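Structural characterization, general
Given next are the chains, with one letter for each unit.
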Amino acid sequence: MIAEKTYLIPTTINEAIELAKANLGAFKYLAGGTDIMVNRFQGNEDTPCLIDITKINELKGVSKEGDYLRIGALEILEELKFKKEIVEEFPLLIEAALSVGAPLIRKTATIGGNVLCENRCLFYNQSEWWRESAGFCLKCEGDVCIATKGKKVCYSELVSDTAPALIAMDAVIELTDIEKTSRVKLESIYTGDGVTPRNLSETAILTAILLPLNREFKTDFYKLRERESLEFTSLTCAVAVDKNGKLKIALSGVDPKAVVVEGTVNDNKTGVIKKALKGARAIENDMYSRKYRREMISVYINRSFEKLKI
Ligand SMILES: Cc1cc2nc3c(=O)[nH]c(=O)nc-3n(C[C@H](O)[C@H](O)[C@H](O)COP(=O)(O)OP(=O)(O)OC[C@H]3O[C@@H](n4cnc5c(N)ncnc54)[C@H](O)[C@@H]3O)c2cc1C
Ligand code: SF4
């Protein structure tokens, strides 16, 4: 039975998945709500049923688990800085989390919601009336991309700031779905297609994010945005080098998926930057131009190379 204008509040993961199964095609999970509720307000999201997962205690907490630090999907962005284990080994994650929005947003927003937040585009994140007058695009049931003036591909951008930081440190995510729990690398869930930016099953719940312990990461982080006080990213760049010299760079804000470059500290630096630029298919759908954002990719990565003495 499809729910109509229903707000459900499960207290266990199993219960949430059962409710999801009963409302297939007509529900969304709700965590902090700072992304999904804005999309609903703008008419970009209208599923009749919301399944509020915030009362599920299994999704909370930070603890060591084997070789990983396990961070529950419901952990609040502003509170990560109070978790000793994160402060000690993964300060990059704190820097990224504290760059999200403004304090009021971060006090409600969860880390799970952050890596799953909806892709954005200057021509999509507008009121319904604005979009109707400009013409609906591929991402809102139109038939062409407005930003590219007619392409049949959507390049709305991944804007999560914690995703690049987590990916640079080789984060794995845990997903619980109907009858199974699996773990995958965070970057593997992003498809590169702006209309359907993630490949998760509708009923899957992101239960936790796991970061590898004892890798002794040296890291750097930059975020390009118009106002430091409150703004989505136009380019987020996270760089991590582990104790064995493994180098990983991850970008958001310049492609529908996370742009990821992996190598070692001995790799040719120009080659590394070229790979990042090749992955970043940024188009003219941001407050900053494509040219400027791509130039800033080189600037930020070079800055990180200098700072980390690579
Ligand atoms: C003014 C403003 C500024 C912002 N600035 C930034 C910014 O600078 N950087 C940035 O990254 N974001 C920004 N955001 C977006 C948003 O606040 C964050 O991405 C936030 O972390 C989303 O988390 P949430 O818990 O509120 O997610 P929600 O809105 O609750 O959910 C987001 C999506 O994830 C799904 N979801 C959430 N949790 C789970 C789960 N555990 N399992 C399965 N599905 C789940 C929901 O169904 C939904 O599709 C901003 C938002 C606003 C309103
Ligand atoms: S990139 Fe094109 S199709 Fe995608 S949201 Fe923007 S205008 Fe729409």
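Rules and cut-offs
The numbering scheme is per chain: residues are counted from 1 as the chain's sequence reads. Throughout, the order in which chains and ligands are written sets their labels, letters from A for the former and numbers from 1 for the latter. Given that the model is predicted, a residue must reach a pLDDT of at least 70 before its local features are reported, and side-chain atom pairs must reach 80 or more before they are shown or counted; all residues, however, enter totals for whole chains, interfaces and linings. For helices the rule is a DSSP run of H or I covering at least 4 residues; for strands it is a run of E covering at least 2, with both sets numbered from the N terminus onward. What the globule rule says is 2.2 Å times the number of residues to the power 0.38, and the radius of gyration is computed from C-alpha atoms. Each residue is classed by its C-beta neighbour count within 10 Å, where at least 20 other C-beta atoms makes it buried, 12 or fewer makes it exposed, and intermediate counts make it partly exposed; the C-beta atoms are placed from backbone geometry. Contact definition: two residues whose C-beta atoms, as placed from backbone geometry, lie within 7 Å. Only the C-beta atom, placed from the backbone, is used; a residue is near a molecule or strand if that atom lies within 6 Å of it. Polar here means any residue other than Ala, Val, Leu, Ile, Met, Phe, Trp, Tyr, Cys and Pro, which are nonpolar, and Asp, Glu, Lys and Arg, which are charged; Gly is therefore polar. In this description, strands pair whenever DSSP reports at least two bridges between them. A fitted line through C-alpha atoms represents every axis, and for helices the fit uses only the stretch in contact; the resulting angles, taken between N-to-C directions, go from 0 to 180 degrees. Each helix should span, by expectation, one fewer than its residue count multiplied by 1.5 Å. Here, the arc refers to the directions that run from the helix axis to the C-beta atoms.

1. What about the overall build of the chain?
- The helix and strand inventory of the chain stands at 10 helices and 12 strands.
- In terms of overall dimensions, the chain is globule-like: its C-alpha atoms have a radius of gyration of 19 Å, near the 19 Å expected for 310 residues.
- For the chain, the spread of C-alpha atoms along the three principal axes comes to 60 × 50 × 35 Å.
- Within the span of the chain, comprising 310 residues, buried residues form 45% of the whole.
- Expressed as a percentage of contacts within the chain between residues at least 6 apart in sequence, the contacts between residues at least 24 apart total 63%.

2. Examining the site of ligand 2
- The environment of ligand 2 is made up of 14 residues, and the closest members are Cys-121, Tyr-124, Cys-137, Cys-145 and Cys-154.
- Considering only residue class, the shell around ligand 2 consists of 10 nonpolar, 3 polar and 1 charged.

3. Observations concerning the site of ligand 1
- Not every one of the 31 residues close to ligand 1 is listed here, only the nearest: Gly-32, Thr-34, Gly-101, Gly-113 and Asn-114.
- Listing elements by their share of the shell around ligand 1, those giving two or more residues are strand E2 (27-30), helix H2 (36-41), helix H6 (111-115) and strand E8 (205-212).
- Class assignment for the residues of the shell around ligand 1 results in 18 nonpolar, 10 polar and 3 charged.

4. A closer look at the sheet that holds strand E6 (residues 172-177)
- The strand order across the open sheet formed by 5 strands is E4-E5-E8-E6-E7, and the pairing between neighbours is antiparallel. Single-partner strands in this sheet number two, and they are strand E4 (62-65) and strand E7 (180-185). Each strand axis lies, on average, 25 degrees off the axis of its neighbour in the sheet, ignoring direction.
- Judged from the 5 bridges that link them, E6 and E8 form a sheet pairing that is antiparallel. Paired with Ile-173 across the two strands is Ile-209, which belongs to E8.

5. Overview of unusual backbone geometry
- Positive phi, normally seen in glycine, also occurs at Asn-214, with a value near 60 degrees.
- Mapped onto the elements, Asn-214 comes out in the loop between E8 and strand E9 (218-224).
- In the Ramachandran plot, Glu-216 falls in the positive-phi region, its phi being about 50 degrees despite a non-glycine side chain.
- For Glu-216, the position within the fold is in the loop between E8 and E9.
- Overall, Glu-216 belongs to the exposed group, with 10 C-beta atoms counted inside 10 Å.

6. Examining the sheet that holds strand E1 (residues 6-8)
- As summarised here, the arrangement of the 3 strands in space is E1-E3-E2, forming an open sheet in which the pairing is parallel. Lying at the two open borders of the sheet, with one neighbouring strand each, are E1 and E2. Put simply, the sheet's adjacent strands are angled 20 degrees from each other on average, direction ignored.
- Inspection of the sheet shows E2 paired to strand E3 (residues 49-52) by 4 bridges, in the parallel sense. Bridge pairing in E3 places Phe-27 opposite Cys-49.

7. As for helix H10 (residues 290-307)
- Under the 1.5 Å per step criterion, the end-to-end length of H10 is 26 Å for 18 residues, consistent within 8% with the ideal 26 Å.
- Among all positions in H10, only Arg-293, Ile-297, Tyr-300, Ile-301 and Ser-304 are buried. Axial view of H10: buried residues confined to an arc of 95 degrees, hence all on one face. Turned more than 90 degrees off the buried face of H10, the exposed positions are Lys-291 and Glu-306.
- Among the residues trailing H10, Lys-309 stands out with phi positive, at a value near 55 degrees.

All we've got here are geometric facts, nothing functional implied.
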